[in-house]
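# Structural description and commentary
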Amino acid sequence: MKVLLLLCYAYGMLFTVAPIQASEAKRNTSAAPNFLIIITDDQRYDGMSCAGNSILKTPNIDRIAEGGMRFTNAFVTQSLCAPSRACILTGKYSHANGVLKNSSRWKRQPILTDTLHEAGYESAYIGKCHKGTNLLKTKFTHWLGFNGQGAYHDMGLLDFDGKKVTSKAHTTGRLADLAVTYLEKHCKSPFCLFLAFKAPHIPYEADSKYTSAFSDAQIPYPPNWDEGTKNRPNAVKVAPQVKDLDFVKGRYRLLLGVDAAVGKLLDSLTRLNLDENTVIIFTSDNGFFHGEFKLWNKRFMYEPSIRVPLLIKYPKLISETKTHDAMTLNIDLAPTILDLAGRHSDEMQGRSLEPLLTNKDVPWPKDFYYAYYEHAKKNSSISDNGIRIGAAPAHRGIRTERYKYIEYYLGRPFGSNEPNYELLDMLKDPHEQKNLYDNPEYHTVLKDLRARMAAIRKETNDPTINAEQ
Ligand SMILES: [Ca+2]
């Protein structure tokens, strides 16, 4: 079996693409829009200047927001790399697509590109996927980049001739160059191009040109820094804490590289006359803590971890700079892309954002279900530098426009398996500091949230719900 897998992998390295001239791309005037989906890794919702960040300037990412739609309440249904990417590609919750953890294997199932291919699209995935090569080889017309976490320096990347090439150049810039090459020479309209950066994921090794950036910056401490996790349920207290916020500067330096790369992409779309008929979507697979409760990393259902950037630009549909505050989810992206391509998949559980992009007055969900499955095990999540980056408890919950209810149903990792619960009123308590679970005044609220969460799980075919009811 191992030999077979190796042969399969080697075969994947040998793919070639028909050389299509840039002039052919320029003739792209068909009604079917192209799609460029840019996914960063661990960029939180406010990691760009168009979302109000006064320290990190991202003029090129802001160009997507200018004349486009910025969703100010965009969430992921699981805050972790591989599961969130699976949600994006399948349009389904983790419990429905089966990618519950980073280590989960993909089961055979339709994804976004299956429907696009039927509609005459070609597809490409460039960069980090975090899942096996078979998924990329079977579900995309072209795949370039790397499997797993990759590296920022001296990494072998596949080029468009199928050769593995190592370069001293920083991976962020190299991925952008591959995407530009794809647009110039290899794309066949209509196309759907995913460009997935590793940045700003650890390790914080930015391009050397940004080494001195932010050296004098004062990263603001959040209002809930001082208390750490002392007021949080026991299950949360396993999470490693940081002593200061210097690491944020490393993340911002990596995002400067992403911003420059985005600039290259946008310039090439304009140069190739593809900008009018290409839908640009910019988002991240999950958010990140910048010291809230002295936490870093992601995984938890608190706001900094589950909120992500979401920008959509499509001049044919959106004529001026706009924002929208409806709650949108990572599982909505695939249905949105299909809708804009004139297609639909009954398999998907998210909903198209097209009515929001066009300001239609439609009923829209006011709550969503969140679940995180990797219950930390001793010694199972030690990083190279000795920090337990993955120490989080399994949990699930529901977030409405006002409330958040969380169940740590397996209790505290490395300790008691007695469940913990958390109820937050984000209207009165925007920094999520006060657990109201035991407050009798919120008894009805709690009961309603539990009932609603059970209803969503049932509606979306959570295979574990019947066992518990
Ligand atoms: Ca991630």
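These numbers come from a predicted model, not from an experiment. Numbering of residues starts from 1 in every chain and runs along the sequence as written. Residue-level local features of this predicted model are given only where pLDDT is at least 70; pairs of side-chain atoms are given and counted only at 80 or more, and the full residue set underlies all totals for whole chains, interfaces and linings.

### Observations concerning the overall build of the protein chain
Check the secondary structure of the protein chain and you find 14 helices and 14 strands. Field definition: a residue is buried when 20 or more other C-beta atoms are found within 10 Å of its C-beta, exposed when 12 or fewer are, and partly exposed for counts in between, with C-beta atoms placed from the backbone. Put simply, the protein chain has 469 residues, and 46% of those count as buried. Strands here are runs of E lasting at least two residues and helices are runs of H or I lasting at least four, both read from the DSSP assignment and numbered beginning at the N terminus.

### Re the sheet that holds strand β13 (residues 403-408)
Strand order in this open sheet of four strands is β11-β12-β13-β14, and the pairing throughout is antiparallel. A single partner strand is all that each edge strand has here, and the edge strands are β11 (367-372) and β14 (420-425). Ignoring which end each strand starts from, the neighbouring axes of this sheet average 10° apart. Whether two strands pair depends on DSSP finding at least two bridges between them. Of the pairings in the sheet, the one linking strand β12 (residues 395-400) to β13 comprises four bridges and is antiparallel in character. Along β13, the bridge assignment pairs arginine 399 with lysine 404. Between the N-to-C directions of two axes lies an angle of 0 to 180 degrees, each axis being a line fitted to C-alpha atoms and, for a helix, fitted only over the stretch in contact.

### Structural notes on the environment of cysteine 81
Looking at the element boundaries, cysteine 81 is found in helix α4 (residues 81-90). Along the chain, cysteine 81 and asparagine 102 lie 21 residues apart, while their C-alpha atoms are 6.8 Å from each other. Each residue is represented by a C-beta atom placed from its backbone, and any two residues with such atoms within 7 Å are regarded as in contact. If we ignore the near neighbours within four places in the chain, the residues touching cysteine 81 are Asp41, Asn102, His130 and Asp285.

### Some points on the packing of helix α8 (residues 171-186) against helix α9 (residues 246-271)
Orientation of α8 relative to α9, taken along the N-to-C sense of each, is 10°, at an axis distance of 9 Å. With respect to α9, the axis of α8 lies roughly parallel. Where α8 approaches α9, its residues Thr172, Gly173, Leu175, Ala176, Ala179, Val180, Leu183 and Glu184 are matched on the opposing element by Gly257, Val258, Ala261, Lys264, Leu265 and Ser268. Grouping the constituent residues of the contact of α8 with α9 by class yields eight nonpolar, four polar and two charged. If an angle is under 35 degrees, it is roughly parallel; if it is over 145, roughly antiparallel; if it lies from 65 to 115, roughly perpendicular; otherwise it is oblique. Any residue that is not Ala, Val, Leu, Ile, Met, Phe, Trp, Tyr, Cys, Pro, Asp, Glu, Lys or Arg is counted as polar, Gly included; the first ten are nonpolar and the last four charged.

### Quick look at the sheet that holds strand β2 (residues 69-75)
Taken together, eight strands build an open sheet; the order of strands is β4-β3-β7-β1-β8-β9-β2-β10 and the sheet is mixed. Each of the sheet's edge strands pairs with one partner strand only, and the pair in question is β4 (142-146) and β10 (322-329). For this sheet, the mean angle separating the axes of adjacent strands, direction not counted, is 15°. Where strand β1 (residues 34-40) meets strand β8 (residues 278-284), seven bridges bridge the pair, whose relative direction is parallel. Note that in β8 the partner of isoleucine 37 across the bridge is isoleucine 281. Contacts between α8 and the sheet are confined to β3 (122-128), β4 and β7 (191-196), with β3 contributing the most and set at about 165° to the helix.

### Considerations on the environment of histidine 201
Structurally, the position occupied by histidine 201 is in the loop between β7 and α9. A tally of 22 C-beta atoms within 10 Å means that histidine 201 is categorised as buried. When the C-alpha positions of histidine 201 and aspartate 41 are compared, they lie 5.6 Å apart, and in sequence the two are 160 residues distant. Leaving out residues up to four positions away in the same chain, histidine 201 has contacts with Asp41 and Asp42.

### Description of the nonpolar core
Only buried Ala, Val, Leu, Ile, Met, Phe, Trp, Tyr and Cys residues enter a nonpolar core, and they are joined through C-beta atoms within 7 Å. In terms of nonpolar packing, the biggest core is built from 116 residues, with Ile126, Ala179, Leu193, Phe194, Leu195 and Ile281 touching the most fellow members. Top element by residues in this core is α9. It accounts for 11 residues.

### Digging into unusual backbone geometry
Looking along the chain, the bond that leaves serine 189 and enters proline 190 is cis, with omega of -5°. Relative to the elements of secondary structure, proline 190 occurs in the loop between α8 and β7. With an omega dihedral of 0°, the bond running from alanine 199 to proline 200 counts as a cis peptide bond. One can find proline 200 in the loop between β7 and α9.

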